[in-house]
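Secondary and tertiary structure notes
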Amino acid sequence: MKILMVCLGNICRSPLAEGILKSKLSSDFIVESAGTIDMHQGKAPDSRSINVAKKHGIDISNQKSKHLQSKDLEDFDLIFCMDRNNLKDVKSLAKNEEQLQKISLILNDAEVPDPYWGNADDFENVFQLLDEACERISREVVKS
Ligand code: 4NP
């Protein structure tokens, strides 16, 4: 199974979501992340995301920001978005109902707040939200 985490820049939230979910699943699962804008393509995650992950024993420092491609909607089985803008942007790339069905908000009906203009506490809050969400996702995908 292939799972994709999506945010705006793919430097703050979705790299954390990728690292956290990977830490809960075996390598049979492929977990990647991407951003809906290409502005940060090729860059490592924001140092505040690297630091909060490290504090919780997860290394995301080798990740590189990628721009979401429409082919990702074919290639991945589940696509989790951090906020409603991401959800709208990803859904706009869907070519059919099957692709639309793969796409959801990672917190179901709530958003992961963008911590880009925030501080270390905001990144810790994002980590906690994503850790809980990834715990639930890991249980669901292992069952299926
Ligand atoms: P992310 O955070 O979507 O969680 O990676 C952001 C990264 C970059 C920008 C905004 C949010 N930006 O405006 O460049």
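This text gives an overview of the structure that appears in the document. The structure displayed is predicted, hence computed values, not measured ones. (Residues numbered from 1 in each chain as written. Predicted model: local features only at pLDDT ≥ 70, side-chain atom pairs only at ≥ 80, totals over all residues. Heavy atoms only, no water.)

1. Side note on the packing of helix α2 (residues 47-55) against helix α6 (residues 120-143)
Each pair of packed helices can be summarised by the angle the axes make with each other and by the distance between the axes. Running from N to C, α2 and α6 point in directions that differ by 55 degrees, and their axes come no closer than 10 Å. In terms of orientation, α2 lies oblique with respect to α6. For α2 against α6, the interelement crossing comes out right-handed. Residue-level inspection shows R48, S49, V52, A53 and K55 of α2 in contact with α6, the latter providing F123, E124 and F127. Of the residues in the contact of α2 with α6, the class split is four nonpolar, one polar and three charged. (Axes fitted to C-alpha atoms, helices over the stretch in contact; angles between N-to-C directions. Helix = DSSP H or I, 4+ residues; strand = E, 2+ residues; numbered from the N terminus. Parallel < 35°, antiparallel > 145°, perpendicular 65-115°, else oblique. Left-handed = near helix turned anticlockwise from the far one by under 90°. Contact = heavy atoms within 4.5 Å. Nonpolar A, V, L, I, M, F, W, Y, C, P; charged D, E, K, R; others polar.)

2. Side note on the environment of A44
Tracing the backbone through its elements, the reader meets A44 in the loop between β2 (30-35) and α2. On a C-alpha basis, the gap between A44 and D72 in space is 20 Å, while along the polypeptide they are 28 residues apart.

3. Describing the packing of helix α1 (residues 13-24) against α6
Where α1 meets α6, the axes come as close as 9 Å, and the angle between the chain directions of the two elements is 45 degrees. Put simply, α1 runs oblique to α6. Here α1 runs over α6; the crossing is right-handed. Contacts between α1 and α6 involve R13, L16, A17, I20, L21 and K24 from the first element and V126, F127, L130, D131, C134, E135, I137 and S138 from the second. Residue composition of the contact of α1 with α6, by class: nine nonpolar, one polar and four charged.

4. Notes on the packing of aromatic side chains
This structure, assessed with the given rule, holds one aromatic pair. Ring plane angle 80 degrees and centroid distance 4.8 Å describe the contact between Y116 and W117, whose orientation is recorded as edge-to-face. Classification of W117 as exposed rests on a relative accessible area of 77%. When the ring centre of F76 is taken as origin, the NZ or CZ atom of K2, which lies over that ring, is 4.9 Å away. (Phe/Tyr/Trp six-rings, centres within 6.5 Å; stacked < 30°, edge-to-face > 60°. Buried < 20%, exposed > 50% of the residue type's maximum accessible area, 1.4 Å probe, protein only. Lys NZ or Arg CZ within 6 Å of the ring centre and 35° of its normal.)

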